[in-house]
Amino acid sequence: MPFPDQSAMTRRDLLRGTATGVLALAAGLEVRCTAPSAKPPNIVFILADDLGYADVACYGRPDLKTPNIDHLAAQGLRFLQAYANSAVCTATRTALITGRYQYRLRLGLEEPLVGNTEVGLPPEHPTLPSLLKKAGYSSTLVGKWHLGVLPKFGPLQSGYDHFYGFRGGAVDYFSHEADEADLWDDDTPVHQVGYLTDVLGSRTVDVVNGYAKSSQPFMISLHFSAPHWPWEAPGDQAESERLRHPGGGGLNDFDGGSQKTYQRMIEAMDTQVGRVLQALETHGLSENTIVIFTSDNGGERFADTWPFTGKKTELLEGGLRIPAIISWPARIPRGRTSEQVSISMDWVPTLLAAAGAHLDAAYPTDGMNLLPMLVQNAAAVPRKLFWRYKANAQRAVRDGDYKFLKILDNTFLFNVVEDPLERANLKDRQKDIYRRLVREWYEWNGSMLPEIKESFTGGFSGQQLADHIGAKRPDQEPDIPGRPDD
């Protein structure tokens, strides 16, 4: 590995907010902040797929090594209260690229987008790459898109200059197929042999090498499929063949996978992260490149979401809490952690501010510019964040330390700082807070597009997962109840 292994630290040390600076000390690095560069920073945004909060060593997972992701944390900042905009991929990716609540767009109602070719990210909507382009940036997406299909929708239609990857929700790691082949170079289908995580990493290294020859600032979005199903690690071609045959289970792979396979998938991703970081270092780009590593939602079947409960498709903390790391050696002091509550849509205003670019006034962001906290060590700012998820009529609000949660007809109030497992229901003890958050959720929801039957929503049933005893498959019906009485 090109970077030192930080995995020897304890799970407790890494996860506690009082651990600020531990990573820097363990890595033998000074906490420092150099003078701002006059040149706009390059941006490398690395997105894992379905990675649980604690699924990398620097967030406390003791049974695998992720030295390259840990290196990013050691030379930058690790968020301890980062959230995804949704508990599933398409909805979060809509917010991630627009900087706005996904429920403002028809696409954002898909949980996730499945088969509807008429729904996608409108090409006229401003995006992070299109707004950066106005500031002189070139951009490339390598990996997963999942925001609509050709001919109407695609990365090139929404601001990226180049694209290499797949357009759907998942592909086999060896055949690069779902129902059909799904690997593209710009808008041209291509065939390439190799394990998908390695293929995407190699392409990203090539992109870095190409951009290094130009003086133009760049953004690279590296959106891995890992560790999303199918559960295939390097060398698992036999499992790929099994899944492709009739009765083999298909991409969802409910009869396959293991903790060991899952760990190997994450470690393969970490290796490719290291290759990309090394390419930046080789070309002298590391100092003034913002590198972000995060996930699109909480973890799935084999994920470690400790200290939370719940998983992907659920508004419990485990379905929403994600690792989030940012490194920018030229501006961000090294080896810090932050208790700032953040969410996926914050990255658009934050990165635009770092690049000296501007939002489109006609499409105001719902996110927050995190830059003052990142580069000036400003105090954490209280946040009020809202979610909904059509399956099981889920709703949630995070306000300060409190969280309102609704699942089916069950309602809760938790202090998720003191009670991250979401066990002690405070709605009767703290009636005023509970009622206020419910009212505020309804007020917020009234400003969003309503749920509709036509949008897809996914969820896990008791037949699929043994720890979901009694849970039924989503019926796809919207939940639009009347305003509750106080």
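Residues numbered from 1 in each chain as written. Predicted model: local features only at pLDDT ≥ 70, side-chain atom pairs only at ≥ 80, totals over all residues. Heavy atoms only, no water.

Here the focus is the overall build of the protein. A tally of helices and strands in the protein yields twelve helices and 14 strands. Overall size of the protein, expressed as C-alpha extent along the three principal axes, is 60 × 55 × 45 Å. The burial tally for the protein puts 59% of its 486 residues in the buried class. Across the protein, the fraction of contacts at a sequence separation of at least 24, relative to all contacts at a separation of at least 6, is 71%. Total accessible area computed for the protein in this model is approximately 18500 Å², and 52% of it derives from carbon and sulfur atoms. Taking the average location of the 50 positive side-chain charges in the protein and that of its 60 negative ones, the two points are 4 Å from each other. (Helix = DSSP H or I, 4+ residues; strand = E, 2+ residues; numbered from the N terminus. Buried < 20%, exposed > 50% of the residue type's maximum accessible area, 1.4 Å probe, protein only. Contact = heavy atoms within 4.5 Å. Areas by Shrake-Rupley, 256 points an atom, 1.4 Å probe, with all protein chains shown as cover. Lys, Arg positive; Asp, Glu negative; His and termini not counted. Charge placed at Lys NZ, Arg CZ, Asp CG, Glu CD.)

Backbone hydrogen bonds are what pair the strands of a sheet, in a parallel or an antiparallel way. Spatially, E6-E5-E4-E3-E7-E1-E8-E9-E2-E10 is the arrangement adopted by the ten strands of the open sheet, whose pairing is mixed. Two strands in the sheet have a free side with no partner beyond their single neighbour: strand E6 (188-189) and strand E10 (336-343). Strand direction decides the pairing type here: strand E4 (residues 162-166) and strand E5 (residues 184-185), joined by two bridges, are antiparallel. Bridging across to E5, Tyr-164 finds its partner in Asp-185. With respect to the sheet, helix H4 (residues 89-98) is in contact with strand E1 (42-48), strand E3 (138-144) and strand E7 (218-223), its orientation differing from that of E1 by roughly 165°. (Pairing = 2+ DSSP bridges. Axes fitted to C-alpha atoms, helices over the stretch in contact; angles between N-to-C directions.)

A few words now on the side chain of Arg-167. Tracing the sequence through the fold places Arg-167 in the loop between E4 and E5. Exposure remark for Arg-167: the relative accessible area of 4% places this residue in the buried category. A distance of 3.1 Å separates the side chain of Arg-167 from the backbone oxygen of Asp-186, its partner in a polar contact. Setting aside anything within four residues of it in sequence, one finds Arg-167 in contact with Trp-145, His-146, Leu-147, Leu-150, Phe-153, Gly-154, Pro-155, Asp-182, Trp-184, Asp-186 and Asp-187. (Polar contact = N/O pair within 3.5 Å; in protein donor to acceptor, adjacent residues only side chain to side chain.)

A sheet is described by the order of its strands in space; here four strands give the open sequence E11-E12-E13-E14, paired in antiparallel fashion. If you trace the sheet from one side to the other, it starts and ends with strand E11 (384-389) and strand E14 (410-415), each paired once. Looking at each pair of strands side by side, their axes are set apart by 10° on average, direction ignored. Against the sheet, helix H12 (residues 431-445) makes contact with E11, strand E12 (394-399), strand E13 (402-407) and E14, and its axis sits at roughly 70° relative to E11, the strand it touches most.

Glancing now at the packing of helix H6 (residues 196-212) against helix H8 (residues 259-282). At a minimum axis separation of 9 Å, H6 and H8 run at an interaxial angle of 10°. As summarised for this structure, H6 and H8 are arranged roughly parallel, according to the angle between their axes. Two secondary-structure elements touch here, H6 through Thr-197, Asp-198, Gly-201, Ser-202, Thr-204, Val-205, Val-208 and Asn-209 and H8 through Ala-268, Met-269, Gln-272, Arg-275, Val-276, Ala-279 and Leu-280. Here the contact of H6 with H8 is composed, by residue class, of seven nonpolar, six polar and two charged. (Parallel < 35°, antiparallel > 145°, perpendicular 65-115°, else oblique. Nonpolar A, V, L, I, M, F, W, Y, C, P; charged D, E, K, R; others polar.)

Time to look at the pairing of strand E2 (residues 77-83). Summarising burial for E2: seven of the seven residues are buried, a large majority. One ladder, built from three bridges, connects E2 with strand E9 (residues 324-327); its direction is antiparallel. Each bridged residue has a counterpart across the sheet, and for Leu-77 the counterpart in E9 is Ile-326. Two elements, E2 and E10, share six bridges in a ladder whose sense is parallel.

Within E11, five of the six residues are buried, leaving the element largely enclosed by the surrounding structure. Summarising the sheet, E11 and E12 pair through six bridges and their orientation is antiparallel. Bridge assignment links Trp-387 to a residue of E12, and that residue is Ala-396. Here E11 hands over to E12 after four residues, with Asn-392 in that stretch at a positive phi of 65°.

Keep in mind these values describe shape, not function.
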